[in-house]
Amino acid sequence: MIKLNFAGIHTRQELHEYLEEKLQLPRSQGESLDNIYDFLTLAAGRLHIIVEGMSRNRSKLGGYMDGVVRTLRAAEAVTEGLTLEVREQMDADKEWLDNPAVVEQSCAYSRPVMVEMGDTPVPASGQEGLMYRAEGMPYLRLCFANAVDVQIDIGGIRYPFLETDKDVWTVDLPLDPGFYYVHLYVDNCLVLSPFLPIGYGHCRPANYIEVGPMEDFCLMKDVPHGTIRHEYFQSRATGRTETCVCYVPPGYDESGAEYPVLYLQHGFGENERGWIWQGKVNHIMDNLLAEGKAVPMLIVMANGMVMMESDPGKLCLRHELFLEELAQDIIPFIEQKYRVKKDRQHRAMAGLSMGSMQTSMLLGKRPELFAWAGLFSGFMHNLVGEHPDNSHLDIIKKPEFSQNMNLLFRGMGRQDDFWKNFEEDDAFCEEYGVKCIRREYEGGHDWNVWRKCIHDFLPMLFV
């Protein structure tokens, strides 16, 4: 391992003399990066190079320092056993990195890593999480004592970590900006890291990362903010005390006015917190309201993963039972506790994936409840179970359904694995004249698409 610290270097000549000494390069004629590349690509054995101190002299050397890093990267790409670690954050003008919305977690609020306490440096083991190379490459730096093998699964692709220092593991992530669930494996055991954001997905607490820059409309801005309220209610449908999360718009407590309500559902394996922590719906709504692009409303998010005992000691998913719970328990609870309008014209429902199935089923089974609806990566057909109940489509296919709906919004990603199902719904809408607004986005079956869906959907409601 070789550490290169460029903090005290001021000229190109000093830089090349330093590199020749540290890398044991042959003396060159002039300032040539080719000499560095040629020597490293011919090097034998395993070599890990750590680069530090770039930002302190970038102004003196212009872009030449970046050229050195590009040369080292190019040599790394074609040389077996050569690895490079650039310990730099991205340029300070990347303001999105300092935005609270980037580091929010469902279990806590993560704040920037502390590097020193007064004059006492924090050990390197405390500097963990998602970071960025000087050239913008995102990478993870995590500590696992005595580990032999560390890997991370992102979208079904495994990325191996490299132990770059004792018990310190790093991996470059060639990912586009966006949201990603991640699964860490340490010596083939699935683990949860406290140094990465934690949400609830895949039917369990799960790590995720936000590779920046985040979409501007998701960021926390200097605008009036709504509040997030965690409520408990007694459910006759399940016989238990259940929970829901409510977004209450800014000014609610002072206004005395009544508000419309959007009931917004998550997907399979997630829970009522998903639209806040993964979806950033509160920041999206705050920004839309500040821009005058949306009507103030409450947004109610409940747990659609209704689990009931099938046999003694065995739980099974009863996603259709949520329809009953929403109609007879959640809506009355919200309408009793909050100042909301209590008629169909001022109620909307939307959901992603499984939540879209629940939305479609309620539209058909209880058409008197909602005049506005959104299906994100959405299904009009019920796909759950060996013999899914699709009786709700009998109502949706009737002309009266479209005549009485103010909005049916359908949004989906062009790379979604369920595209054939969306085409089936397209054919259904065309055959029976079901009116809808249909939008496509770049992306798959994930939160990067669903955030765009809700951003486009909210301004269409209650207008």
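Check the entry above for the structure.
Reading the values: the criteria
- Residues numbered from 1 in each chain as written.
- Predicted model: local features only at pLDDT ≥ 70, side-chain atom pairs only at ≥ 80, totals over all residues.
- Heavy atoms only, no water.
- Phe/Tyr/Trp six-rings, centres within 6.5 Å; stacked < 30°, edge-to-face > 60°.
- Helix = DSSP H or I, 4+ residues; strand = E, 2+ residues; numbered from the N terminus.
- Buried < 20%, exposed > 50% of the residue type's maximum accessible area, 1.4 Å probe, protein only.
- Pairing = 2+ DSSP bridges.
- Axes fitted to C-alpha atoms, helices over the stretch in contact; angles between N-to-C directions.
- Parallel < 35°, antiparallel > 145°, perpendicular 65-115°, else oblique.
- Left-handed = near helix turned anticlockwise from the far one by under 90°.
- Contact = heavy atoms within 4.5 Å.
- Nonpolar A, V, L, I, M, F, W, Y, C, P; charged D, E, K, R; others polar.
- Salt bridge = Lys/Arg side-chain N within 4 Å of Asp/Glu carboxyl O.

(A) Quick peek at the packing of aromatic side chains. All told, the structure shown has 18 aromatic pairs when counted by the stated rule. Taking 4.9 Å as the distance between ring centres and 90° as the angle between the ring planes, the aromatic pair formed by Trp 275 and Trp 447 counts as edge-to-face. One end of the pair, Trp 275, is in helix H7 (residues 274–277); the other, Trp 447, is in helix H14 (residues 447–457), and 172 residues separate them in sequence. Among the residues examined, Trp 447 registers a relative accessible area of 1% and is labelled buried. Ring geometry for Phe 379 versus Phe 418: centroids 5.2 Å apart, planes at 80°, classification edge-to-face. Here Phe 379, found in the loop between strand E23 (372–376) and helix H11 (393–396), pairs with Phe 418, found in the loop between strand E24 (407–413) and helix H13 (419–432); they are 39 residues apart in sequence, far enough to count as distant. For Phe 379, a relative accessible area of 2% puts it in the buried group. Accessibility expressed as a relative area gives 32% for Phe 418, which makes it partly exposed.

(B) Quick look at the sheet that holds strand E3 (residues 82–86). Taken in spatial order, the 3 strands line up as E1-E2-E3 in an open sheet, and their pairing is parallel. The outermost strands of the open sheet, each flanked by one partner alone, are strand E1 (2–5) and E3. Going from strand to strand, the sheet's axes swing by 20° on average, the running direction of each strand aside. Examined bridge by bridge, strand E2 (residues 47–52) and E3 share 5 bridges and lie parallel to one another. If you follow His 48 over to E3, its bridge partner there is Thr 83.

(C) Geometry of the packing of helix H1 (residues 12–22) against helix H4 (residues 64–78). Between H1 and H4, the least distance of the axes is 11 Å, while the angle of their chain directions is 25°. In terms of orientation, H1 lies roughly parallel with respect to H4. You can see that H1 and H4 cross each other, and the crossing is right-handed. Every residue of H4 that contacts H1 at Arg 12, Leu 15, His 16 and Leu 19 is listed here: Tyr 64, Met 65 and Val 68. Of the residues that constitute the contact of H1 with H4, the class distribution is 5 nonpolar, 1 polar and 1 charged.

(D) Quick peek at the pattern of salt bridges. Within this structure, the stated rule accounts for 23 salt bridges. Ionic pairing is found between Arg 73 and Glu 76, a salt bridge with its closest N-O pair at 3.3 Å. One end of the pair, Arg 73, and the other, Glu 76, are both in helix H4, 3 residues apart, so they sit about a helical turn from each other. Classification of Arg 73 by relative accessible area gives buried; the value is 15%.

(E) Highlighting the pairing of strand E8 (residues 150–154). Counting buried residues in E8 gives 5 out of 5 residues, a clear majority hidden from the surface. The side-chain alternation of E8 yields two buried faces, one formed by Val 150, Ile 152 and Ile 154 and the other by Gln 151 and Asp 153. In terms of strand pairing, E8 meets strand E12 (residues 178–186) through 4 bridges, oriented antiparallel. Within E12, the position partnered with Gln 151 by the bridge is Tyr 185. Taken together, the 4 bridges between E8 and strand E9 (residues 157–160) define a ladder with antiparallel strand orientation. Along E9, the bridge assignment pairs Ile 152 with Tyr 159. With antiparallel pairing between neighbouring strands as the criterion, E8 and E9 make up a hairpin whose turn holds 2 residues, including Gly 155 at a positive phi of roughly 65°.

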